[in-house]
Amino acid sequence: MCLLVLDRTLNKPLGALTSHICILINFCRVWDGRSWNQMTAALFCYFLLQLSSQLQPKHSLMALGSECATVDPLSQVDSGRIQKTANFNQDSGTMSQQLLYRALVSAKWLSEAIKSQQAGLALRIVDASWYLPKMKRDPKREFEERHIPGAVFFDIDQCSDRTSPYDHMLPKASDFAEYVGKLGVRNDSHVVVYDGSDQGLFSAPRVWWMFRVFGHEAVSLLDGGLKNWQREGNALSSGKTQVAPSEFHASLDKSLVKTYEDVLDNLDSHRFQLVDARAAGRFRGVEPEPRDGIEPGHVPGSTSIPFTDFLTESGFEKTPEQIRTLFQEKKVDLLKPVVATCGSGVTACHVALGAYLCGKPDVAVYDGAWVEWYMRAQPENIISEGKGKTL
């Protein structure tokens, strides 16, 4: 009778409910010899939970995004590593639900995970600190002075295509696999990435994106970075971290990477929206680029959303509601394809992260970014209020 009531009330196929019930029955039979009365009670609770969850009003996209961003992973059954969220279907212009790996974890969660090394959680913490030369900071030296206990250092410049004339372009899948394998990362690892920037997160989203590009979805960012880890009084270590090398298999997801040719073609085809994460002055062409020989400006038709707009003053990621409003104010339609760019492919990943938190995991990054565009594009395709480009 319970089956029929649920089937009529939820308007779901009976077979789908039956499969869940069969799992519960088998579980109760083998679970420590529990009685059929206990099994019946468990089934009744299951029916009530199913009925309650389905009769509640449907969450909006923003509500789902907020839940994904704010619920502490320790409160979840599977340590919070996987969360149901809304996902955009670009072809139909509708939203569907899917499981996305949690993009952000709190300092509290990470601290507890380090202490307990929870069963089934193959944790690998990665310091992905990287800075522009003008910042005059040495991330490797800073890592040896202080880092989160157990963390390994990920060198963005080292793990790149060293043959490219452009900065830290993506390496081959085999080279990425070899590099992260030496850091002790396995395919079953939950990778947590952070950096030591003053902003909270600066370069870490690049490494978060790289893992996803090479097929590893089990990757999260430490919300607030090392800055807020220290502010909350958590432990630090020093020196180099010794880890045993592991085997890692990588496969490139080409859909998450765009090339110069893709962006050039888009000037006429308008297949995607291009969002630039550099500071507004660099985008406009009135503030200098940090690299010699590169003038500021932007790609025709691109939209400016500085990466700092995704962060709070304290260095935490803004809520999905706030991020969605940000995209709307900039007239970026998350129901349509989006590609992110910046100076050299690092802060562009903040755009991909922001969209991911809103339930859109398919934002690609123009890897060569402004440096490549400026060096290869014709002068008419360099939009600037300043010097621009001349041949």
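Please refer to the structure placed before this passage.
Quick caveat, the model's predicted, so the values are computed rather than measured.

About the cut-offs
Residues numbered from 1 in each chain as written. Predicted model: local features only at pLDDT ≥ 70, side-chain atom pairs only at ≥ 80, totals over all residues. Heavy atoms only, no water. Axes fitted to C-alpha atoms, helices over the stretch in contact; angles between N-to-C directions. Helix = DSSP H or I, 4+ residues; strand = E, 2+ residues; numbered from the N terminus. Left-handed = near helix turned anticlockwise from the far one by under 90°. Contact = heavy atoms within 4.5 Å. Buried < 20%, exposed > 50% of the residue type's maximum accessible area, 1.4 Å probe, protein only. Arc of directions from axis to C-beta. Pairing = 2+ DSSP bridges. Right-handed = clockwise from strand over helix to strand, strands pointing away. Salt bridge = Lys/Arg side-chain N within 4 Å of Asp/Glu carboxyl O.

Visitor: Explain the packing of helix H12 (residues 320–329) against helix H13 (residues 348–357) residue by residue, including any values.
Guide: At a minimum axis distance of 9 Å, the contact between H12 and H13 shows a crossing angle of 115°. By crossing handedness, the relation of H12 to H13 is classed as left-handed. For the pair H12 and H13, contact is made by Pro320, Ile323 and Phe327 and by Val351, Gly354, Ala355 and Leu357, respectively.

Visitor: Now, about H12: what can you tell me, with residues and values included?
Guide: Those residues of H12 that fall on the buried side of the exposure criterion are Pro320, Ile323, Leu326 and Phe327. All buried residues of H12 fall inside an arc of 120° around its axis, so they share one side. Directly after H12, the chain includes Lys331, whose backbone phi takes a positive value near 60°.

Visitor: Give me the lowdown on the pairing of strand E6 (residues 189–194), citing residues and values where you can.
Guide: Burial analysis of E6 places six of its six residues in the buried class, which makes it a mostly covered element. Of the pairings in the sheet, the one linking strand E4 (residues 122–127) to E6 comprises six bridges and is parallel in character. In the sheet register, Ala122 faces E6, and the bridge partner there is Ser189. Sheet topology places E6 next to strand E7 (residues 219–222); three bridges connect them, and they run parallel. Bridge pairing in E7 places Val191 opposite Val219. With helix H8 (residues 204–213) bridging E6 and the parallel E7, this β-α-β connection has right-handed handedness.

Visitor: Could you give an account of the pattern of salt bridges, naming the residues involved and the relevant values?
Guide: A pair can form between side chains of opposite charge whenever their charged atoms are brought close. Applying the stated criterion across every chain, the model contains 17 salt bridges. Here Lys140 ties to Asp155 by a salt bridge, and the two come within 3.1 Å at their closest N and O atoms. Placement of the pair is Lys140 in helix H6 (residues 139–145) and Asp155 in the loop between strand E5 (152–153) and helix H7 (173–182), with a sequence separation of 15 residues. Residue classification places Asp155 among the buried positions, given a relative accessible area of 12%. The salt bridge partner of Arg206 is Asp367, with a shortest N-O separation of 2.9 Å. On the criterion of sequence distance, the pair formed by Arg206 in helix H8 and Asp367 in the loop between strand E12 (364–366) and helix H14 (369–376) is long-range, its members being 161 residues apart. Asp367 shares its class with Arg206; the two are buried. Residues joined in a network through salt bridges with shared partners are Asp276, Arg278, Arg282 and Glu289.

Just geometry here; none of it tells us what the structure is for.
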